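Tertiary structure, described
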Amino acid sequence: MISADKRAVTVIGLGPMGQAMTGAYLDAGYEVTVWNRTAAKADALAARGARRAAGVEEALAANELVVLSLTDYDAMYALLEPAAGSLAGRVLVNLSSDTPERAREAAAWAAGHGAEHLTGGVQVPPSGIGKPESSTFYSGPKEVFEAHEVALKVLTGVDYRGTDPGRAALFYQIQMDMFWTAMLSYLHATAITAANGITAQEFLPYAQSTMASIPGFLAFYAPRIDAGRHDGDVDKLSMGVASVDHVVHTAEGSGVDAALPAAVREVFRRGVERGHGDDSFTRLLEVFKAG
């Protein structure tokens, strides 16, 4: 087995993220072996010094540390199951996106073939790779994480979330829950501005101001939520229904699809229907928990 101390790594999957990761390792002086189903994606990296493996088995055999940058865990199984005999003694750093439960299943599958599995959740796009201020969630065996922490920090800063293989995937997915919902709300608001003759550039400082105010609200509500407090002393759910209702009508009046704010209004209404009209909107946690 190749020593964990050697500056060498295999990267499987050369989409934009895998290419950025390979580039970061090359820049840091690592010996990098790469493999991708579409071989041409390795051309530019090979020109920079990466070693192109002829197949998955060869890529696995090259190094103990194997970084997977794939679409999801189905892609991992499709590539690695035929090469399962080459997995023993390898550390799979799985930076592919999937659910917490699938991450746990993958860790058990890897262990069954004599490999270790570290789940990862990268919090930045490819442009953030190689920057220490960026961050990636990791979870899995602590001793394995610590043995390869230096190599992982070549990619981004690290945020170890514990031994549960599903933990990093969970933290990643809840971040994505917030990110995509927030970004979609921005696009929806921008559609309304455009329908009213306002450019995205003119709207930009106001959109930024709204987004910049969110951390203050999170800091205010988090301790109340942990304490089980949903007092309506600052906001009331019934007022939230009226507010979102106005957003729905503004969208409709602008000729913009109102499905997004209408869905938000429906969640608010369900909270009111359960008798929580005088409580804070945070009471909607109970609506979400009930499914």
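Residues numbered from 1 in each chain as written. Predicted model: local features only at pLDDT ≥ 70, side-chain atom pairs only at ≥ 80, totals over all residues. Heavy atoms only, no water.

Description of the sheet that holds strand 2 (residues 31-35)
Quick reminder of the rule: DSSP calls a pair of strands paired once it identifies at least 2 bridges connecting them. In DSSP terms, a helix is any run of H or I states spanning at least four residues, a strand is any run of E spanning at least two, and both are numbered starting from the N terminus. Between two residues, a contact is recorded if the distance between any of their heavy atoms is within 4.5 Å. Here an axis means a line fitted to C-alpha atoms, over the contact stretch when the element is a helix, while the angle between two N-to-C directions is reported on a 0 to 180 degree scale.
What the eight strands build is an open sheet, ordered 3-2-1-4-5-6-7-8; its pairing is mixed. Both edges of this open sheet fall to strand 3 (51-52) and strand 8 (156-160), since each of them pairs with a single strand only. Examined bridge by bridge, strand 2 and strand 3 share two bridges and lie parallel to one another. Paired with V34 across the bridge in strand 3 is R52. Set on the sheet, helix 4 (residues 73-80) makes contact with strand 1 (8-12), strand 2, strand 4 (65-68), strand 5 (91-94) and strand 6 (116-122); between it and strand 5 the angle comes to about 150°. Contacts from helix 8 (residues 165-195) reach strand 6 and strand 7 (131-139), with the element oriented near 125° to strand 7.

Some words on the packing of helix 8 against helix 9 (residues 200-226)
Relative orientation and spacing of two packed helices are given, respectively, by the angle between their axes and the distance between those axes. Threshold: In this scheme the handedness of a crossing depends on how the near helix is turned from the far one: anticlockwise by less than a right angle means left-handed, clockwise means right-handed.
Relative orientation of the contacting elements helix 8 and helix 9 amounts to 145°, with a least axis distance of 11 Å. You can see that helix 8 and helix 9 cross each other, and the crossing is right-handed. Of the residues in helix 9, those touching helix 8 at M178, A182, S185, Y186, A189, T190 and T193 are A200, F203, A207, M211 and L218.

A few points about the pairing of strand 7
Summarising the sheet, strand 6 and strand 7 pair through four bridges and their orientation is antiparallel. Bridge pairing links T119 to S139 in strand 7. As paired strands, strand 7 and strand 8 are joined by five bridges and run parallel to one another. By the bridge assignment for strand 8, T136 is matched with V158.

Some remarks on helix 5 (residues 100-112)
Going by this rule: One less than the number of residues in a helix, times 1.5 Å, gives the span that helix is expected to have. For each residue, the accessible area found with a 1.4 Å probe, counting protein chains only, is set against the maximum for its type, and the residue is called buried under 20%, exposed over 50%, and partly exposed in between.
Between its first and last C-alpha atoms helix 5 spans 19 Å; for 13 residues at 1.5 Å apiece the expected length is 18 Å, and the two agree. Along helix 5, the residues classified as buried are P100, A103, A106, A107, W109 and A110. The inward-facing, buried residues of helix 5 contact helix 4, strand 5, strand 6 and helix 8. One or two residues past the end of helix 5 sits G114, with phi positive at roughly 80°.

A few points about the nonpolar core
Most often, soluble globular proteins keep nonpolar side chains buried together rather than apart. Stated formally: By convention a nonpolar core is built from buried Ala, Val, Leu, Ile, Met, Phe, Trp, Tyr and Cys residues, the set being connected through side-chain atoms within 4.5 Å.
Counting residues in hydrophobic clusters, the biggest one holds 30 residues, and the most contacted among them are Y25 and V93. Broken down by element, the residue count for this core peaks at five residues, all from helix 1 (residues 16-27). Those residues in contact with Y25, other than ones at most four positions away along the chain, are V9, V11, Y30, V32, V67, A151, L152, V154 and L155. Counting 24 residues, the second-largest nonpolar core is a separate cluster that includes L60, V66, L70 and A83.

Remarks on the packing of aromatic side chains
Keep this limit in mind: Aromatic rings from Phe, Tyr and Trp, taking only the six-membered ring of Trp, are treated as a pair when their centres fall within 6.5 Å; an angle between ring planes under 30 degrees marks them as stacked, one over 60 as edge-to-face, and anything in between as tilted. Only when the NZ of Lys or the CZ of Arg is both within 6 Å of the ring centre and within 35 degrees of the ring normal is a charge said to sit over the ring.
If you walk through the whole model with that rule in mind, you get nine aromatic pairs. Seen in terms of ring centroids, Y138 and F145 are 5.9 Å apart; in terms of plane orientation they differ by 40°. Their pairing is tilted. Take Y138: its relative accessible area is 0%, and that puts it in the buried class. Measuring from centroid to centroid gives 4.9 Å for F179 and W180, while their planes differ by 75°, and the two rings are edge-to-face. Of the residues examined, W180 reaches a relative accessible area of 56% and is grouped as exposed. An aromatic cluster is built from Y138, F145 and Y160, whose rings are joined through pairwise contacts. Note that R161 overlies the ring of F171, its terminal NZ or CZ placed 4.9 Å from the centroid.

Thoughts on the environment of W35
By the secondary structure assignment, W35 is in strand 2. In this structure the C-alpha to C-alpha distance between W35 and V56, which are 21 residues apart in sequence, comes to 6.7 Å. Discounting residues that sit within four places of it in the chain, W35 has contacts with V11, I12, G13, L14, A53, A54, G55, V56, A59 and L79.

Observations regarding the UniProt feature "domain: 6-phosphogluconate dehydrogenase NADP-binding" (unreviewed entry) in the protein chain
Condition: UniProt positions are given in the numbering used here, feature names are shortened, and annotations may be inferred rather than shown by experiment.
UniProt feature "domain: 6-phosphogluconate dehydrogenase NADP-binding" (unreviewed entry): in the numbering of this structure it lies at residues 9-155. Span residues 9-155 is 37% helix and 24% strand, its end C-alpha atoms 12 Å apart.

Quick look at the pattern of salt bridges
The following threshold applies: Here, a salt bridge means any Lys or Arg side-chain nitrogen found within 4 Å of an Asp or Glu carboxyl oxygen.
Throughout the structure, instances matching the rule amount to 14 salt bridges. The salt bridge involving E101 is made with R104; its shortest N-O contact spans 3.4 Å. Highlighted residues: E101 and R104, both in helix 5, separated by three residues, approximately one helical turn. Classification of R104 by relative accessible area gives partly exposed; the value is 32%. A salt bridge links D231 to R229, with the nearest nitrogen and oxygen atoms 2.7 Å apart. Salt bridges linked by common partners bring D74, D98 and R102 together as one network.

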